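If you want the building blocks of each chain, they are given just below.
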Amino acid sequence: MFEIVEARPLARGIKQFVIKAPRIAKKQRPGQFIIVRLDESGERIPLTIADADPQAGTITICVQAIGKTTMLMNMLEKGDFILDVVGPLGKPSEIEQFGTTVVVSGSVGTAMAYPTARELKRAGNKVVSIVGARSKDLLVLEDEVRAVSDKTYVLTDDGSWGEKGLVTERLKQVLESCKVDLVLAVGPVPMMRAVANLTAPLGIKTIVSLNSIMVDGTGMCGGCRVLVNNSSQFACVDGPDFDAAQVNFEVLMQRNNMYREQERTSIELLQADPGAELKKLREENARHACALDAVEASHD
Amino acid sequence: MTKPPSNNPLPNKERIKLPRQRVPEQDPQVRAHNFQEVNLGFPAEQARQESLRCIECNKPGCIDLCPVSVNVRAVIDLILAGDYLGAASKVREDNALPAITGRVCPVEDQCESGCVLGKKGEPVGIAYLERFVADWERETGQFGSPVAAPATGKKVGLIGSGPASLACAGDLIQMGHQVHVFEALHELGGVLVYGIPEFRLPKDIVRHEIDVLRRRGVVFETNVVVGKTVTIDELMQEEGFNAIFIATGAGLPRFLNVPGEHFNGVYSANEFLTRVNLMRAYRFPEYDEPLYPCQDRDVIVVGGGNTAMDAVRSALRLGAKSASIYYRRTEKEMPARVEEVHHAKDEGVHFEMLVNPVEFLGDEKGNLTSVKCIRQELGEPDDSGRRSPVPIKGSEFVVPCHVAIIAAGTSANPLIQSTTPGLAVTKRGYIAAKEDTLATSKPGVFAGGDIVTGGATVILAMGAGRKAAKAINEYLKGLDEPKPEQAQATVQA
Ligand SMILES: Cc1cc2nc3c(=O)[nH]c(=O)nc-3n(C[C@H](O)[C@H](O)[C@H](O)COP(=O)(O)OP(=O)(O)OC[C@H]3O[C@@H](n4cnc5c(N)ncnc54)[C@H](O)[C@@H]3O)c2cc1C
Ligand code: SF4
Ligand code: FES
């Protein structure tokens, strides 16, 4: 049972949670993720760790409501419990002194790219951040990113904040204006693919963080497999970071659509009565908490 | 040696005339559409009838061939005496999870193959009797909890919560040690909960066995991936564990490495079964985890082991239009329990032998549409005496298929090995452990079950757990004894 000690909306449909998870807080490195299961009937979904405080024993995650589980999760508040949280999973991002690095991120991807950008800066790299979102109200962690970047570009598709345009256009200009040693792209698959298409011909090392569908997150099921350099790799243990030039984004998109129908059904059911779902989750988790207390008491 | 007084009133020549009792089962037509248990188990009268068949051998072959040497003859006699609880305790002396093994042991290769009655007719239904006493114990809410030895103050960490670990935990707690089990998943039981389906092994039974262990003092912590969340060195150096038992199973799925395996609808058996069993996708949308639809579609399972049978029978229950087993050898070589193969056939599973998929084909959306296979024949026996299948040139054919489940075996998950310095592994990546003590190359660290042997059986994993418990107990005792050089030093002083 994992307690939410802080919950605050970051942007439209995006919420930040601070969760008590001492073991994970102590071990996590930038680029790693957790898998959560909200309640007894919940599915297991991966979420990138955005930050951690080992002393306080907490981790921070940012959640965009896109499917049933993330929608339900974003209804949770401080003091609520999540049934299962496991991690830190995946390989940490490779942090070295590369030279000039460009971190490209889209919408909630910014929350995932932020800890890596911060570590890149700490490791002595020049960090250029290019942050994009469809519109102003979908932008997250702008101030945090600015604080760890030598230069920050903010763009929105509709021009409601920062420059109007696409992150890839800005990236192109940056690549033309200076020598770049590493590009990191985190965000929607089409954006990552566009970045890869831009940098691959130039031979610039580019890392993408892949968000494939997962179950266990330990290499046991193979559901998260992605095609990298034409061979099967498990995103949960071999990734989530991969060399962008070798990733088959087509297959990734197809596999991410695998459960589209079911996802729609789940969302419809949730939206029919969101209050009831939330109530069920709270009641169930409270029951679990009681049962756990009873077991612990019996061991004392 | 004189036989102890018997509770069997019949002379031997009457006993051998008795027919083997048939265990009641759900009707194949009905059960093919539900996830409830197939075998219903013996009622007491049938258990007695079956027990009457035992001729109480002087040298019981059944005990010889049981991997943990359950005293079958004594158990049967206690059933005849009507002392079912006593019979259950007798089983538990050697087998900590009788309600489970009574359901999943490959008895035709073990106890029942050693039963003398099998030489001429059918062996005694030992598994059904074991299951009967274990169920009786559970259903009547009785459990003779053994009295544990005084606390030793020693702490042992068990990694994984499959049968190897559960058996080890039961023995260690009995010896007075503190036992802490770490499990990566959110539910306890290993393959018993994520692999073997409800219709073969109801999850309530596994949960009950774990509750019993919990009541006896075993501490369980889920959501801990050892190697990631915490390392073995940290457990020993920072969290005060005196010894560790690694029982993480053979968790890595093997794919066929043929083109098209990325298409939507191609699953590893591990993923398919995990979604269905652990995540209860068969109850979607009541449970959130989705499953690529099997309803009214053609499902092919590649493989011939228990995993393949579990997958194909699950697909059938999910409403598949056709559910088939594609196996590269012949039925004779299939490693699955015989009973499961019979059950699958009764339920309408189609078996296609001596075939191998060579390519998966899909549409422009990335969804699986068909499988290209090649026929095979058995070639000359190889060094091991097994006749390996060889493809027949030009025999390729394409069959429509929407869901393909690959049950071609598993390999070792490298997670622990790669994060534990000083832990030796075998050529195939399994953990190297001494035959007699299951000690690894790292002091205080033991390993057993599938992570040492490769995919095997529940009972062998349990046997390993017990062997490790014994060796760990010795090791812990050794920690308190003065080291030889220290003893020397005292003498000199
Ligand atoms: C579908 C299927 C059907 C089967 N049917 C039968 C049958 O009918 N009869 C039979 O005898 N045998 C059967 N088997 C084989 C049998 O289940 C296994 O041999 C047995 O479960 C092995 O036990 P174990 O304790 O070694 O490992 P497992 O049962 O595999 O348990 C290992 C546990 O360790 C956990 N773990 C792994 N890595 C870590 C980590 N780093 N940190 C923490 N925890 C970790 C896993 O999540 C898992 O819960 C079947 C297997 C499968 C897959
Ligand atoms: S081998 Fe068969 S007949 Fe002999 S003791 Fe065992 S169960 Fe009874
Ligand atoms: S999520 Fe199961 S292997 Fe990666």
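Located above this text is the structure these notes cover.
Summary of the structure given here. (Residues numbered from 1 in each chain as written. Chains lettered and ligands numbered in written order. Predicted model: local features only at pLDDT ≥ 70, side-chain atom pairs only at ≥ 80, totals over all residues. Heavy atoms only, no water.)

Focus: helix α6 (residues 189-199) of chain A
Residue and element names in this part refer to chain A.
Argument step 1. Within α6, burial applies to Val189, Met191, Met192, Val195, Ala196 and Thr199. Along the axis of α6, the buried residues cluster in a sector spanning 160 degrees; they form a single face.
Argument step 2. Looking at the packing, one finds that the buried side of α6 touches β8 (100-106), α5 (167-177), β12 (182-186), β13 (206-209) and α8 (249-256). (Buried < 20%, exposed > 50% of the residue type's maximum accessible area, 1.4 Å probe, protein only. Helix = DSSP H or I, 4+ residues; strand = E, 2+ residues; numbered from the N terminus. Arc of directions from axis to C-beta. Contact = heavy atoms within 4.5 Å.)

Some words on the packing of helix α15 (residues 306-317) of chain B against helix α16 (residues 338-347) of chain B
All names here are of chain B.
Argument step 1. It is the contact of α15 with α16, at a shortest axis distance of 10 Å, that shows an interaxial angle of 25 degrees. Judged on the interaxial angle alone, α16 and α15 are roughly parallel. Between α15 and α16 the crossing geometry is left-handed. Along its contact with α15, which presents Asn306, Met309, Arg313, Leu316 and Arg317, the element α16 presents Glu340, Val341, His343, Ala344 and Glu347.
Argument step 2. Of the residues in the contact of α15 with α16, the class split is four nonpolar, two polar and four charged. (Axes fitted to C-alpha atoms, helices over the stretch in contact; angles between N-to-C directions. Parallel < 35°, antiparallel > 145°, perpendicular 65-115°, else oblique. Left-handed = near helix turned anticlockwise from the far one by under 90°. Nonpolar A, V, L, I, M, F, W, Y, C, P; charged D, E, K, R; others polar.)

What about the site of ligand 1?
Residue and element names in this part refer to chain B.
Argument step 1. The immediate surroundings of ligand 1 are formed by 35 residues, with Val104, Glu183, Arg200, Val226 and Asp450 found nearest.
Argument step 2. Within the backbone of valine 104, a nitrogen or oxygen atom sits 2.5 Å from a nitrogen atom of ligand 1.
Argument step 3. Residue valine 458 places a main-chain N or O atom 2.9 Å away from an oxygen atom belonging to ligand 1.
Argument step 4. Within the complex, the protein chains bury 93% of what would otherwise be the 1,000 Å² of accessible surface of ligand 1.
Argument step 5. For the shell around ligand 1, the elements supplying multiple residues, two or more each, are α10 (163-174), α15 and α19 (458-480).
Argument step 6. If you tally residues by element for the shell around ligand 1, the top one is α15, at three residues. (Near = heavy atom within 4 Å. Polar contact = N/O pair within 3.5 Å; in protein donor to acceptor, adjacent residues only side chain to side chain. Areas by Shrake-Rupley, 256 points an atom, 1.4 Å probe, with all protein chains shown as cover.)

Side note on the site of ligand 2
Argument step 1. Neighbouring residues of ligand 2: Cys54(B), Ile55(B), Cys57(B), Pro60(B), Gly61(B), Cys62(B), Arg73(B), Cys115(B), Val116(B), Val124(B) and Ile126(B).
Argument step 2. In the shell around ligand 2, the residues fall into nine nonpolar, one polar and one charged.

A word on α10(B)
All names here are of chain B.
Argument step 1. Across its 12 residues, α10 extends 17 Å between first and last C-alpha, which sits within 8% of the 16 Å expected from 1.5 Å per residue.
Argument step 2. Most of α10 sits out of view: 11 of its 12 residues are buried.
Argument step 3. Along α10, the residues classified as buried are Pro163, Ala164, Ser165, Leu166, Ala167, Cys168, Ala169, Gly170, Asp171, Leu172 and Ile173.
Argument step 4. Looking one or two places after α10, you find glycine 176, whose phi comes out positive at around 95 degrees. (Expected span 1.5 Å × (residues − 1).)

So, the sheet that holds β8(A)
Residues and elements named next belong to chain A.
Argument step 1. The strand order β11-β10-β9-β8-β12-β13-β16 describes an open sheet built from seven strands, whose pairing is mixed. Two strands bound the open sheet, and with one partner strand each, they are β11 (163-164) and β16 (241-243).
Argument step 2. Where strand β10 (residues 151-156) lies against β11, two bridges are found, and the strand directions are parallel. Considered in β11, the bridge of threonine 156 is made with lysine 164.
Argument step 3. Most of the contacts of helix α3 (residues 109-122) go to β8, to which it runs at about 165 degrees, and overall it touches β8, β9 (126-133) and β12.
Argument step 4. Packing of α6 onto the sheet brings it into contact with β8, β12 and β13, and relative to β12 it is tilted by some 160 degrees. (Pairing = 2+ DSSP bridges.)

Focus: the pairing of strand β11 (residues 368-381) of chain B
Residues and elements named next belong to chain B.
Argument step 1. With seven bridges joining them, strand β10 (residues 355-362) and β11 adopt antiparallel strand pairing. Following the sheet pairing, glycine 362 is matched in β11 by leucine 368.
Argument step 2. Of the pairings in the sheet, the one linking β11 to strand β12 (residues 387-391) comprises four bridges and is antiparallel in character. Bridge pairing in β12 links proline 381 to arginine 387.
Argument step 3. With antiparallel pairing between neighbouring strands as the criterion, β11 and β12 make up a hairpin whose turn holds five residues, including glycine 385 at a positive phi of roughly 85 degrees.

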